[in-house]
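Residues per chain, in single letters:
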Amino acid sequence: MTPSPLPDAADAPTGYDPGPRWKLRYWSIFLGQAVSLIGSAMTQFVLLWWITDTTGSVSMLAIAGILALLPYALLSPIGGVLADRYNRRLLMIAADTLGALCMVLLIVLFLTGRIEIWHVFVMVFIRGSLQAIQYPAAVASLANLVPTHFLPRAIGLNQSLTGIMTVAAAPLGAFAISILPIGWALSIDVFTAFLGIIPLLLFTIPQPQRPKQRVHGFFDTLRRDFVEGFRAVWSVPGLRKLYALLACVVMVVMPSFTLVMLLIRNHFGGGPAEVALMEGLAGLAMIVAGLVVAAIAPKRHIRWVIAGFALSCFMLAATALPERDWFVLAVVAWTLSGFFYIIGNAPLSTLLLTTIPNHLQGRALSLMTTVVALAAPIGLALAAPVGELLGIRGLFIFMGVTGGCLVLLGLLSRDIRRLDVTRVHSAGPQRQKPKTEATPASDAKPDRPDRSDS
């Protein structure tokens, strides 16, 4: 299971009553999925470390990252349509079960000594594809599991779970491979997957009512929804420029999250324990940053977005600057990079939710997810040859400095700076009213833009 941002409380059905036993059902499913989520994250750490330790190659890690991200990016829109048309609980069960069965096959290959790198590549591709089906079903199910008044708390619990997973995955993965052969370490994921499936077998998830006759076909619905979300973003110059800017930044810096293990191993001479330390502290920093943003509640969101992302990128470059014996400085820089990332990302989410109308938020945010998910594998593909040329240390410095400079370019765009006072009123460009003829100045009452928008 992947970490899933949950729908805004305003999207929940008004006055929805999930029944008298909703607490038992919700907590059983939530805890089961939480265990499954942590197990999957730990497995990802174990597999990436095995690739790092076995190959020591930027290209091999980049290929693994591309195969994990690309199917997720391409299939997520289809997963969303499936979640709206078919039984979400069965989709979640099917995705988790198939993922567990594939992992069993991989475990057998490890334990029999027949494992090859392409086996792992196939596995990460399958897992990425299954997550694209499971993720929308899990997100869409939340509003049908709890009453409306509890939905904000459920969202908060999910966000806390994401932070816990970020902190716990690397240390748990490092501990598992330190005491178990890698094959048995991977078996933990199978066990946690079935712990997540059991509550789904015991409890039902209420399904939203749908019309008996479908007005549009599957792919026509997919196309219409995508176009409407695209128009919602394209109708505002600042939004489309911000989306393009973030896509470029993600393309440059995203490879660092996959390649950080290689930096620790090749440059600092570290192992799983050092990776776990760095990732764990960065996860804690992200949680602290979220609390800071919640306490301050910034009003000028764009300034925070630009400052946070730029500082995060520059701290990313600083991670590779210390010499081999100064690993502690790299840990501090990576931790600060995670902190500043949330300082920028949290106001970005608020900005989008306050700029885009509620009925268009899902599609517009899905477009952001698709843009980012497509930019990430492109960045990994480009990082592979650059990393082979500059070395892993030079690649990190290049990614951080280039990404930070790209973020700062956003300050040069007046449309992006004005997003704090911009609101989207429709899914398409606004049409101006034709001017009336011979209207006396004293009687004219034109619609004037708010001076605060200037």
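Residues numbered from 1 in each chain as written. Predicted model: local features only at pLDDT ≥ 70, side-chain atom pairs only at ≥ 80, totals over all residues. Heavy atoms only, no water.

## With respect to the overall build of the protein chain
The number of helices and strands found in the protein chain is 14 helices and 0 strands. The N-to-C order of helical and strand elements in the protein chain reads α-α-α-α-α-α-α-α-α-α-α-α-α-α. Here the protein chain, with 454 residues, has 49% of them falling under the buried criterion. A total accessible area of about 22300 Å² is found for the protein chain, and carbon and sulfur atoms account for 66% of it. (Helix = DSSP H or I, 4+ residues; strand = E, 2+ residues; numbered from the N terminus. Buried < 20%, exposed > 50% of the residue type's maximum accessible area, 1.4 Å probe, protein only. Areas by Shrake-Rupley, 256 points an atom, 1.4 Å probe, with all protein chains shown as cover.)

## Focus: the pattern of salt bridges
Scanning the model with the defined rule gives 4 salt bridges in all. The closest approach of N and O atoms between Asp189 and Arg127, which form a salt bridge, is 2.9 Å. Note that Asp189 is positioned in helix H6 (residues 182-202) and Arg127 in helix H4 (residues 117-141), a separation of 62 residues in sequence. Exposure remark for Arg127: the relative accessible area of 14% places this residue in the buried category. Note that Lys241 is salt-bridged to Asp415, the shortest N-O span being 2.7 Å. Of the two residues, Lys241 is situated in helix H8 (residues 237-253) and Asp415 in helix H14 (residues 414-417); the sequence distance between them amounts to 174 residues. Judged by its relative accessible area of 24%, Asp415 is partly exposed. (Salt bridge = Lys/Arg side-chain N within 4 Å of Asp/Glu carboxyl O.)

## What about the packing of aromatic side chains?
Inspection of the entire model under this criterion finds 8 aromatic pairs. On the numbers, 5.7 Å between centres and 25° between planes, the contact of Tyr26 with Phe30 is stacked. Taken together, the positions of Tyr26 and Phe30, both in helix H1 (residues 22-55) and 4 residues apart, correspond to about one turn of that helix. Judged by its relative accessible area of 2%, Tyr26 is buried. An aromatic cluster is present here, built from Tyr26, Trp27 and Phe30 joined pairwise through their rings. (Phe/Tyr/Trp six-rings, centres within 6.5 Å; stacked < 30°, edge-to-face > 60°.)

## Focus on the environment of Gly183
With respect to the helices and strands, Gly183 occurs in helix H6. Judged by relative accessible area, Gly183 falls into the buried class, the value being 2%. Beyond its immediate sequence surroundings of up to four residues, Gly183 is in contact with Ile107, Phe110 and Leu111. (Contact = heavy atoms within 4.5 Å.)

## Looking at the packing of helix H9 (residues 255-266) against helix H10 (residues 272-296)
Interhelical geometry of H9 versus H10 gives an angle of 130° and a closest axis separation of 10 Å. Our classification of the angle between H9 and H10 gives oblique. Crossing angle aside, the handedness with which H9 passes H10 is right-handed. Contacts between H9 and H10 involve Val260, Met261 and Ile264 on the former and, on the latter, Glu274, Val275, Met278 and Glu279. Here the residues of the contact of H9 with H10 are counted per class, giving 5 nonpolar, no polar and 2 charged. (Axes fitted to C-alpha atoms, helices over the stretch in contact; angles between N-to-C directions. Parallel < 35°, antiparallel > 145°, perpendicular 65-115°, else oblique. Left-handed = near helix turned anticlockwise from the far one by under 90°. Nonpolar A, V, L, I, M, F, W, Y, C, P; charged D, E, K, R; others polar.)

## Some thoughts on the packing of H1 against H6
In contact at an axis separation of 8 Å, H1 and H6 are set at 160° when each is read in the N-to-C sense. The angle between H1 and H6 falls in the class roughly antiparallel. Two packed elements cross with a definite hand, and for H1 against H6 that hand is left-handed. Classifying every residue of the contact of H1 with H6 by side-chain character gives 14 nonpolar, 9 polar and 1 charged.

## Considerations on the nonpolar core
Counting residues in hydrophobic clusters, the biggest one holds 73 residues, and the most contacted among them are Leu106, Phe110, Val120, Leu186, Met278, Ile392 and Phe396. When residues of this core are assigned to domains, at least three map to each of domain 1 (18-206) and domain 2 (227-424). Leu106 has contacts with Leu47, Ile115, His119, Val120, Met123 and Leu186, leaving out every residue within four places of it along the chain. Residues Met92, Ile93, Ile133 and Phe150 belong to the second largest nonpolar core, which totals 19 residues. (Core = buried A, V, L, I, M, F, W, Y, C linked by side-chain atoms within 4.5 Å. Domains from an automatic or database assignment.)

## Overview of a nonpolar patch on the surface
Together, Val35, Phe191, Leu195, Ile198 and Leu202 make up a nonpolar patch on the protein surface, roughly 470 Å² of accessible area in all. In terms of residue count, the dominant contributor to the nonpolar patch is H6 (4 residues). Note on placement: Phe191 falls in helix H6. (Patch = residues over 30% accessible without salt bridge, like charges linked within 9 Å, V, L, I, M, F, W, Y side chains within 5 Å.)

## Digging into the environment of Leu329
Inspection of the secondary structure assignment puts Leu329 in helix H12 (residues 327-355). Judged by relative accessible area, Leu329 falls into the partly exposed class, the value being 43%. Residues Leu329 and Ala318, spaced 11 residues apart in sequence, show a C-alpha to C-alpha distance of 8.6 Å.

## Description of the side chain of Thr258
With respect to the secondary-structure elements, Thr258 resides in helix H9. Among all residues touching Thr258, those that are not within four sequence positions of it are Leu61 and Leu380.

## Describing the environment of Gly410
Within the fold, Gly410 resides in the loop between helix H13 (358-409) and H14. Separated by 172 residues in the primary sequence, Gly410 and Gly238 have C-alpha atoms spaced 9.9 Å apart. Excluding anything up to four places from it in sequence, Gly410 contacts Leu245, Ile306, Ile416 and Arg417.

## Some points on the confidence of the model for the protein chain
For the protein chain, the average pLDDT comes to 76, and 74% of its residues sit at 70 or higher. Mean pLDDT across the secondary structure elements of the protein chain bottoms out at helix H7 (residues 218-234), with 67, and peaks at helix H11 (residues 301-319), with 90. Per-residue pLDDT stays below 50 along residues 1-15; that stretch engages in 47 contacts with residues further than four places along the chain or on separate chains. In this model residues 424-454 is a low-confidence stretch, pLDDT under 50, and it forms 24 contacts with partners more than four residues away in sequence or in other chains. (pLDDT = per-residue confidence, 0-100.)

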